[in-house]
Amino acid sequence: MKEIEFLKKENCIYKRGEKIKFSVRWVSRDKIDDVRFRMIIRYLDDTPVGLVQSEILGSYNSDQMQVSSFEFDTEMLADGKYFFSIALYQRDDIGNNVILDHVTRACSFEIISDV
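Residues numbered from 1 in each chain as written. Predicted model: local features only at pLDDT ≥ 70, side-chain atom pairs only at ≥ 80, totals over all residues. Heavy atoms only, no water.

Undergrad: Outline the nonpolar core, supporting the account with residue identities and numerical values.
TA: Generally speaking, soluble globular proteins have nonpolar side chains that are buried together. Ranked by internal contacts, the top residues of the largest apolar core, which has 22 residues, are F22, W26, F72, F84 and F109. For this core, the secondary-structure elements that each account for two or more residues are β3 (19-26), β4 (32-43), β7 (66-73), β8 (80-91) and β9 (97-112). The greatest single-element share of this core, amounting to five residues, is contributed by β4. Not counting residues up to four positions away in its chain, the partners in contact with F72 are E18, K19, I20, F22, M39, I41, V52, L77 and F109. (Core = buried A, V, L, I, M, F, W, Y, C linked by side-chain atoms within 4.5 Å. Buried < 20%, exposed > 50% of the residue type's maximum accessible area, 1.4 Å probe, protein only. Helix = DSSP H or I, 4+ residues; strand = E, 2+ residues; numbered from the N terminus. Contact = heavy atoms within 4.5 Å.)

Undergrad: Can you explain the layout of surface pockets? Please cite residues and give values.
TA: Put simply, the largest pocket is a space of about 250 Å³. Lining the largest pocket, in full, are M1, K2, V27, S28, R29, D30, I32, L88, L100 and D101. Taken together, the residues of the lining of the largest pocket sort by class into five nonpolar, one polar and four charged. (1 Å grid on protein atoms, 1.4 Å probe; cavity = no way out; pocket = protein on both sides within 12 Å on 5 of 7 lines; lining within 4 Å. Points joined across faces, edges and corners; volume = space filled by probe spheres on them. Nonpolar A, V, L, I, M, F, W, Y, C, P; charged D, E, K, R; others polar.)

Undergrad: Pulling in residues and values, what's your account of the sheet that holds β3?
TA: The antiparallel open sheet is built from three strands, whose spatial order is β1-β3-β7. The open sheet terminates on both sides in strands that have one partner only, identified here as β1 (3-6) and β7. Ignoring which end each strand starts from, the neighbouring axes of this sheet average 20° apart. Taken together, the eight bridges between β3 and β7 define a ladder with antiparallel strand orientation. Looking at the pairing, F22 lines up with F70 of β7. (Pairing = 2+ DSSP bridges. Axes fitted to C-alpha atoms, helices over the stretch in contact; angles between N-to-C directions.)

Undergrad: Provide a residue-level description of the packing of aromatic side chains, including the pertinent values.
TA: All told, the structure shown has nine aromatic pairs when counted by the stated rule. Considering the side-chain rings of F22 and F70, the 5.7 Å spacing of their centres and the 40° angle between planes classify their relative orientation as tilted. Highlighted residues: F22 in strand β3 and F70 in strand β7, separated in sequence by 48 residues. Of the two residues, F22 and F70, both sit in the buried class. Arranged with centres 6.0 Å apart and planes meeting at 70°, the rings of W26 and F37 form a pair that is edge-to-face. Of this pair, W26 sits in strand β3 while F37 sits in strand β4, and the two are 11 residues apart along the sequence. Here W26 and F37 have matching classes, each one buried. Three or more aromatic residues joined by ring pairs make a cluster, and in this case those are F22, W26, F37, Y43, Y60, F70, F72, Y82, F84 and F109. The ring centre of F83 lies 4.0 Å from the NZ or CZ of R105, which sits over that ring. (Phe/Tyr/Trp six-rings, centres within 6.5 Å; stacked < 30°, edge-to-face > 60°. Lys NZ or Arg CZ within 6 Å of the ring centre and 35° of its normal.)

Listed below in structure tokens is the structure:
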């Protein structure tokens, strides 16, 4: 993964219920099939809070830059500061997740109440 960019946002502060929209710029050295993304949301003390997974994004040839965009709703998150890790992965023949790339503490964000 080359870059994570929050879309239509100058800072990473969101009102509860506001959608977090971001894009991931990435490239694969090899041809890959049935690629998916997974994002694990955690409190700053590393306590896991939730998991967001994409559907299958498709198959990709080697050395081609890709941009994948995602969004998720923050309605179920309490006020506070969080970070997320993000993984690019595939499933093997028996359903295990095989991580292709992973970024720990990819980005921090904050949820606030609509006052």
